[in-house]
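Close look at the chain arrangement
So you can see what is in the structure, the chains are spelled out below.
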Amino acid sequence: MSFDQFPKTNRQKINRANEVTEFDLEVDMEVDIEVDIEVTEDSDLDEDTLDVDQEPAEVSLPTREVDDSEGQSLPLSASVPLSKRKTKSNWPHSSGELRYGEFVGRGTDLYILQTDKSGKLKEKRFANLVFIKETQQNIDDGMYQIVLRYWFIDQWHELTIKRSQLQVNELTKLLDYGVDVPNHKVRHIAKFLSLQEDGAPLKKVHEKLGWADHDGALVYKHQQIIGSNLPYSSEYAGKLSIQNGTYEGWKQVIEQEVLGHIPLEFALVCGFASPLISLIARFVDIEVLLFHLFGDTSRGKTSAMRVFVSPFALPSKQEGGIIFQWLGTKNGMMAQIADKHGIPIAFDEASMNRMKDFTDILYLLAEGREKARMTKEIEERKRASWSGIVFSTAEHSLKSKSNQNSGLIVRLQEIGNVEWTTSPENAVEIKNGLQQNYGHAGPKFVEYLLREGKDHIIERWKKWSKICYEKMESKDGLSARMADRFGLILATAELMNQLFDFQVNIDGILQFLLKIDQENIESRDLGERAYQYLKQKVVEFQAHFNMEGAPAIRDCMGSITRKPGKGVEVVIMKEPFRRLVHEGGFDDSSVVLQKMKAKGYLDHEEKKLTRKRKVDPDKPRLDVHIFLFDDSLLEMLKRAPLPSPFVTSKTKPVGIRSTDDAEDYTEVNVTDLD
């Protein structure tokens, strides 16, 4: 629909911060004005002699608006310059004219009104039409941007620019987008656009997602801004696709493909738990929950991730989707999740990332904000933040590629080798259905959370934390902390069942969480992990130990002695032990020794972590660490053959040469280590 096809009667809707008003605009077709109009092509326009600043006679016309081909309201100036009346002519009010000062927009062209020497008013075609469709204010930072609509190569285009780009020296840069603003026209185009600003519709938008404070009110930003007693509306204008299809279409997929299979129900509830956790974190100190799904391919890990994010956004790794990839730098990954509070966050395929150690990035994800950095002016830079739940997938465990501190172990919950989907067909239906319908259920749940109120939500959380803790068969010093985390998910499941007309299996999800905890409880015990790790290393480096009177084949690290009725005693010198511990991802060797001492794995002198022993008969006694292992170590030593003189180890044997950093180890042939 072109500018000369607008209807006579138009309906306008104006959005302001404090009101929404609708009214009819009646266009008067019989305005009796005599003008003498001569239309001149822009090729005949003499830019040097054109006086766009002249003050011609004016006539006041009723302010009105016309619709463009897509129904966009365009304000027309109430002040139109006219020449001496000579012949009667009707101004084509309903034809889509756009008038500001000496400028006239008609159809796809922009004209300039000029009075010639004889006093006649002439329209000179100046350029392809470009006008301001709307002004947008970003409520995240208060900055304004302009949406331009312009004609180029037989069609209309739209382009969003910064308001600062309305300056003459910036406008010419829009030539590459097809805007008709070459150097000899740009000054007048800039003036034409400037005249429109005050009358252009104002629209508030946002690019950040999730919970935020605006004008003293707690709101949740999604496709629309959600909150009570909001002074304005706002629409999402970011790069992600966060809503498509229908709620009914999404629910059908959930009912047919997800409900009834506990692993997928768990993933679904975790998605809804993200805004609940983020909301509570505003009042209680809660870190981001991290779940890592690992195992062989084709187990449905990515399908579970699609279910997880589908209530809030496009469940895809393609452009616009909210499933991100591990393949990238740490800073790039943080930029993708910055300022998302209560939106489920997903990273797929950590196997593709070349990181050798995931410790730093896992701590960063759990912390929920970037590290502190300084600006050039030596001021602290504003740090990006996020909150809620993060899902990750890979074929391998992330704990196996991270340091062994208990702090990380409790922050990262790993779920290994679970059949997330019931069949290949199940995975296909989930993918196809959820990529067509997403982003509707999440806002419904957020509205319900706001109605329930934080006190009621926290009360439910505490109730389920207590239930979860009581149901744990084995407990350790971290069990209460884990129960608090799992209680957030169970409280979410209960709220979901009250809101939606479908039900998730809360008891089944509780048992699923308890199984995860019991599988991980042993790995949370630092002393036990160090015990198992040292046992493996003793077997690996047995050639470096004196055994039953036989000297070490390689440079000696200690001794291995069978103690009837007590198991096996392993003596390790202090420096080799320190290097072994560092290589295994344990930060502090003294902490490891304290934990092993507490479990009875360390033979030591009173108030010490060492004993004096002779390792080499020809040398004096040394302070050494003595570890007590069960008889299974002897069986492991028998099954593991001694290395040949030409075996190459990817891990440098410990205690041979001193280096400053264990990370500098390279492949070393053991025959060269004398």
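What counts, and where the lines are drawn
Residues numbered from 1 in each chain as written. Predicted model: local features only at pLDDT ≥ 70, side-chain atom pairs only at ≥ 80, totals over all residues. Heavy atoms only, no water. Pairing = 2+ DSSP bridges. Helix = DSSP H or I, 4+ residues; strand = E, 2+ residues; numbered from the N terminus. Buried < 20%, exposed > 50% of the residue type's maximum accessible area, 1.4 Å probe, protein only. Contact = heavy atoms within 4.5 Å. 1 Å grid on protein atoms, 1.4 Å probe; cavity = no way out; pocket = protein on both sides within 12 Å on 5 of 7 lines; lining within 4 Å. Points joined across faces, edges and corners; volume = space filled by probe spheres on them. Nonpolar A, V, L, I, M, F, W, Y, C, P; charged D, E, K, R; others polar. Polar contact = N/O pair within 3.5 Å; in protein donor to acceptor, adjacent residues only side chain to side chain. pLDDT = per-residue confidence, 0-100. Salt bridge = Lys/Arg side-chain N within 4 Å of Asp/Glu carboxyl O.

1. Quick look at the sheet that holds strand β15 (residues 144-152)
As a general point, the strands of a sheet are linked pairwise by backbone hydrogen bonds and lie either parallel or antiparallel. Within the open sheet, the five strands sit side by side as β16-β15-β14-β17-β21. Their pairing is mixed. Looking at strand neighbours, the two that pair on one side only are β16 (155-162) and β21 (235-236), the edges of this open sheet.

2. Details of the environment of I506
By the secondary structure assignment, I506 is in helix α13 (residues 506-521). Residue class for I506 comes out buried when judged on its relative accessible area of 15%. Remark: the alpha-carbon pair of I506 and I262, spanning 244 residues in sequence, is separated by 9.3 Å. In this structure, I506 is in contact with W464, L490, A493, E494 and N497, ignoring residues within four places of it in sequence.

3. Section: empty space enclosed by the protein
Here the idea is plain: a probe the size of a water molecule rolls over the atoms and shows the empty space left. This model, assessed by the stated rule, comprises three cavities of 30 Å³ or more. One number sums up the size of the largest cavity: a volume of about 40 Å³. Forming the boundary of the largest cavity are L290, F291, H292, W326, L362, L365, V390, S392 and L412. At the level of elements, β22 (289-294), α7 (359-367) and β27 (389-394) are the ones that each hand at least two residues to the lining of the largest cavity. Looking at the lining of the largest cavity, the element that brings in the most residues is β22, giving three residues. Here the residues of the lining of the largest cavity are counted per class, giving seven nonpolar, two polar and no charged.

4. Some thoughts on the side chain of E287
Structurally, E287 is set in the loop between α4 (262-280) and β22. Residue E287 is classed as buried on the basis of its relative accessible area of 18%. Only 3.1 Å separates the side chain of E287 from the side chain of R411, close enough to count as a polar contact. A distance of 3.3 Å separates a polar atom in the side chain of E287 from a polar atom in the side chain of R485. Among residues more than four places away in sequence, those in contact with E287 are A366, E367, R411, R481 and R485.

5. A closer look at the confidence of the model for the protein
When pLDDT is averaged along the protein, the result is 79; 78% of the residues meet or exceed 70. Scored below 50 in pLDDT, residues 1-95 shows 199 contacts in the model against residues more than four places distant or in partner chains.

6. Considerations on the pattern of salt bridges
Considering all chains together, one arrives at 37 salt bridges under this definition. The salt bridge involving K208 is made with D339; its shortest N-O contact spans 4.0 Å. One end of the pair, K208, is in the loop between β17 (202-206) and β18 (209-214); the other, D339, is in the loop between α6 (330-337) and β24 (340-341), and 131 residues separate them in sequence.

7. Section: the environment of I189
Looking at the secondary structure, you find I189 in helix α2 (residues 183-196). Note on I189: relative accessible area 0%, which makes it buried. Residues I189 and L166, spaced 23 residues apart in sequence, show a C-alpha to C-alpha distance of 9.2 Å. What I189 contacts, discounting residues up to four positions off in sequence, is L110, F126, A127, V130, D180 and V181.

8. Points about the pairing of strand β34 (residues 622-629)
On any regular strand, side chains alternate: one points to one face of the sheet, the next to the other face. Here six bridges tie strand β31 (residues 567-573) to β34, and the two strands are oriented antiparallel to one another. Counted as the bridge partner of E569 is L628 from β34. Of the strand pairs in this sheet, strand β32 (residues 602-603) and β34 are connected by two bridges, and their pairing is antiparallel. Across the sheet, D603 pairs through a bridge with I626, a residue of β34.

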